[in-house]
Each structure stands twice: as C-alpha cells, then as structure tokens.
Amino acid sequence: MARKNLTFHLAERPKGNIVPGKTFNLVETDAPTASDLKDGQILVENIYLSLDPAMRTWLYDIRSYVPPVAIGEKMRGGSIARVLATKSAKAKEGEYVYAGSGWTEVAVVGDAEFEPIVLPKGTQITDAIGAAGMTGMTAYFGLTDIGKPKAGETVVVSGAAGATGSVVGQIAKINGARVIGLAGSDDKCKVLTEELGFDVALNYKSPTFAEDFVKATPDYIDVYWDNVGGDILEKALARAATKSRFVMCGSISRYNGLEKESPGIRNLFVVVTQRVRMEGFIVTDFRDRYPEAKKQLGQWIAEGKLKSKETIVKGGIKVADVAISNLFEGGNTGKLLVEVKPIDQGNENSRSLL
Ligand SMILES: NC(=O)c1ccc[n+]([C@@H]2O[C@H](COP(=O)([O-])OP(=O)(O)OC[C@H]3O[C@@H](n4cnc5c(N)ncnc54)[C@H](OP(=O)(O)O)[C@@H]3O)[C@@H](O)[C@H]2O)c1
C-alpha cells in the first residue's frame, strides 16, 4: 500500500496569531517515492522540524528578505531528515541531512536544498538544527562580526533563553564578557545563570524590571543583542554605552502585527549622543562561512563550553501549527522542534550515537 504523507499548506494570511486548523490546511496525499527522483535529488523523511519565529513573518505579503509563502503553497521550513533514496552524489541512503523540506513528512529535495550533517563526537543530532545549526550560526556571526564583545565588556541579550539568545550569551562568556540575559520567567532566568553561565538574568515581566535593568547595567551596555524589539529595545537604548554595538537580529514582539504600522522606537537620539552602531543582518548573509561556524560551534559543544538547550514537541507533523505558538508565548527554552518521527523507529541510529 502506498505510504501516506501529511503536509501543511498555507490556507490564509493570519491577522494576529497563527490559528491552528485555520491558517494552514493539513492535506493527506500519497507520499513521493524513489521513482519520482531526478538526478541531483534525494527522497527524505523528516525527523525533526525546526520551528522559527521568522515563519510568522513569511506569512505576510510584505517586502522582506525572502518572498512570502503563497496561499496554497507547502509551508516552508528546515528539518533534520533521513535519506530514503538518493540520486545525488551529496548523500547516501540512511544518512541524516539538514533539508529545506518544509512542513511535511516525506519530500523530494534538490541538491541546493540540503546539506549532510557533519558533527563531532560529543554532540547530538539535533544540534545540527540548533546550537550548531541555523540559530547557533546566527549567534556566532552576529557576535563575531557585528557585536565583537571584548573581555570585560557588558553584553545584554534579549530573548536570552531561546535558541539564538542562549548561544549568544554563552559565546559572549567564552569571549570574557559580563553577560546579562533577559527572559520571560524566573525559571528561564535560573537556567541562564545556573546552567548556562550567564552572570545575571532578569525577568522582563517582573514589575521591578525597569529598576532591575538600570541596577544591572551600572557601566552601561557595550553590546546589546536584540531578538525582541519593542519596549525592551527602548530600555536598552537608554542604557547604551558610548560606541556600543546593537546587533539587530529580530523583533519577535512585532511579528504578530506586522501588517500594522510600527509604533516607533523611543530613545533613538541616544544613537547620536553615544555614537551607537545598530546593524541588522540575516544569517544567510554568511552562507559562505557556514563551515567555519559549524566547526567552531560543534567543537565548543563537544568540549562542554557550549550547552545546547531544546524543547521537543512530540505528536508528529500534525502538531506543528499548534506547537509554533510556543515561540510567541514563551513556551520554549532553547531550540523549538517538532518530532515528526521518532528517530529510533525503523533504523538503528539514535541521537546519542553521534
Ligand atoms: N537575523 C537572522 O538571521 C535570524 C536568525 C534566527 C533567528 N532570528 C531572530 O532571533 C529571534 C529569536 O529566534 P529563535 O529562533 O532563537 O527563537 P526563540 O528565542 O527560541 O523563541 C522565541 C522566544 O522569544 C520570546 N518572546 C516571544 N514574544 C516576546 C515578546 N513579545 N517580548 C519579548 N520576548 C518574547 C519568548 O521567550 P520569553 O519566555 O523569554 O518571552 C520565546 O521563547 C527572533 O526574533 C528571530 O526572528 C534572526
């Protein structure tokens, strides 16, 4: 009997939050097979689907860094996938790859859309999508090329307990900086200071956050990592040191309302008075240097200098449209993934064997 395949297609452009069962249609078809492959393609089954805040921004019909997902199109996304069949010299059957295979179970993927996973011993396969993958590389390039923290400088990271922020803070510590993480719960703050080595962690939802933030930054902020935008960015601007660097990585507090005009950012004149450099970037700007980042991040993880955190939602591909709300409600610590298929099912490899 033909294998069945569940796939999410964009049904409508949401206003506000993604609505499970409404924003996307979950469609069942026959799965593609090895006989569908052309030269340079592989057939994969997704194991872990990456859920990313940027996915919400791809649902708007606005000018961005990538074209919007079209109505009726398969939802775009990156996964760790297992190769079921291959007509590509880049991958063998049974290997795991990082693939842009989308919100589906089984897909045909071209040479340009996947990379073999190469990780040192002491890492786990999900690192290829998290701390040594796209979000880890975002932290690596944003810090090494834009933030450039020096030993003794104060680095403040917003969204600090998330996939990108948790790596940013740890790399800043490796560079000898004093690191302050901002996160949305006391439990997340505990993870930052007790597990990940941050010097200070502040809960931005606490009623005393404004005073706590001023007290924690007596020498002002040398590097601010912006994952969230909004009033936290405004507070950080008010504490910017002379010649500080603001690494503009994301603005998640706005992603559910991008169709509305931005309310603006207060305290922007500080950029002039303190000669602040604010620079945005997209990780793909550094595509040519991915091997350098993966190697360094993998090495740090293997040496125990970089700890990878992840939140894995089980239940198969069908839970993806519910699971993504974790990103906007603070439900994840570290990298948010959906387990599309248990990795041990049907093959002898396991995450810990890598
Ligand atoms: N420029 C690039 O190339 C690039 C690449 C990857 C990611 N990014 C950006 O980096 C940011 C983090 O992405 P990620 O994948 O690492 O996700 P993540 O941080 O693992 O997850 C998102 C976190 O954001 C926090 N958050 C949600 N709404 C918020 C709000 N209104 N105010 C403050 N915090 C809020 C939540 O944590 P709390 O519990 O702490 O609220 C949530 O857990 C996003 O803005 C994303 O777009 C940019």
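The rules behind each value
Residues numbered from 1 in each chain as written. Predicted model: local features only at pLDDT ≥ 70, side-chain atom pairs only at ≥ 80, totals over all residues. Heavy atoms only, no water. Domains from an automatic or database assignment. Contact = heavy atoms within 4.5 Å. Buried area = accessible area lost by both parts, 1.4 Å probe. Salt bridge = Lys/Arg side-chain N within 4 Å of Asp/Glu carboxyl O. Polar contact = N/O pair within 3.5 Å; in protein donor to acceptor, adjacent residues only side chain to side chain. Helix = DSSP H or I, 4+ residues; strand = E, 2+ residues; numbered from the N terminus. Nonpolar A, V, L, I, M, F, W, Y, C, P; charged D, E, K, R; others polar. Near = heavy atom within 4 Å. Areas by Shrake-Rupley, 256 points an atom, 1.4 Å probe, with all protein chains shown as cover. Buried < 20%, exposed > 50% of the residue type's maximum accessible area, 1.4 Å probe, protein only. Pairing = 2+ DSSP bridges. Axes fitted to C-alpha atoms, helices over the stretch in contact; angles between N-to-C directions.

Glancing now at the domain arrangement of the protein chain. Per the domain assignment, the segments making up the protein chain are domain 1 (4–130 + 309–353) and domain 2 (134–285). Just the C-alpha atoms count here: the centres of domain 1 and domain 2 sit 28 Å apart. At the junction of the two partners, domain 1 supplies 24 residues and domain 2 supplies 17 residues. Interface area for domain 1 against domain 2, summed over the two sides, is near 1,600 Å², with a carbon-plus-sulfur share of 57%. Along the contact surface separating domain 1 from domain 2 lie one salt bridge. Residue E195 is joined to K309 by a salt bridge in which the shortest nitrogen-to-oxygen separation is 2.7 Å. Taken together, domain 1 and domain 2 are joined by eleven residue pairs in polar contact (both at pLDDT 80 or more). Looking at the side of domain 1 that touches domain 2, the elements that each hand over two or more residues are helix 1 (54–57) and helix 10 (325–329). Counted by class, the side of domain 1 that touches domain 2 contains eleven nonpolar, eight polar and five charged residues.

Time to look at the site of the ligand. Not every one of the 27 residues close to the ligand is listed here, only the nearest: T164, K188, Y204, V283 and N332. Residue A163 places a main-chain N or O atom 2.8 Å away from an oxygen atom belonging to the ligand. One nitrogen or oxygen atom from the main chain of F281 is found 2.8 Å from a nitrogen atom belonging to the ligand. Compared with its free state, where it exposes 910 Å², the ligand has 90% of that area covered by protein. Elements with a contribution of two residues or more to the shell around the ligand: helix 2 (134–147), helix 3 (163–174) and helix 10. For the shell around the ligand, the element with the most residues is helix 2, which contributes three residues. Its residues placed into classes, the shell around the ligand shows 14 nonpolar, twelve polar and one charged. Counting only domains with at least three residues in the shell around the ligand, you end up with domain 1 (4–130 + 309–353) and domain 2 (134–285).

Inspection of the secondary structure assignment puts E234 in helix 6 (residues 230–238). Of the residues examined, E234 reaches a relative accessible area of 8% and is grouped as buried. Within the local environment of E234, its side chain forms a polar contact with the side chain of R266, the two groups lying 2.7 Å apart. Once you skip the residues sitting within four places of it in the chain, E234 turns out to touch G264, I265, R266 and N267.

So, about the sheet that holds strand 11 (residues 221–226). Across a sheet, paired strands are connected by hydrogen bonds in the backbone, their directions being either parallel or antiparallel. A sheet is described by the order of its strands in space; here six strands give the open sequence 10-9-8-11-12-13, paired in parallel fashion. Strands with a single pairing partner mark the edges of an open sheet, and in this sheet they are strand 10 (200–203) and strand 13 (277–280). Geometrically, the sheet is characterised by an average inter-axis angle of 15 degrees between neighbouring strands, direction not taken into account. Two strands pair when backbone bridges link them, and strand 8 (residues 154–157) and strand 9 (residues 178–183) are joined in this way by four bridges, in the parallel orientation. Bridged to T154 within strand 9 is R178. Relative to strand 10, helix 4 (residues 186–195) is tilted by about 170 degrees, and along the sheet it contacts strand 9 and strand 10. Strand contacts of helix 6: strand 9, strand 11, strand 12 (240–248) and strand 13, with the helix running at about 155 degrees to strand 12, the strand carrying the most contacts.

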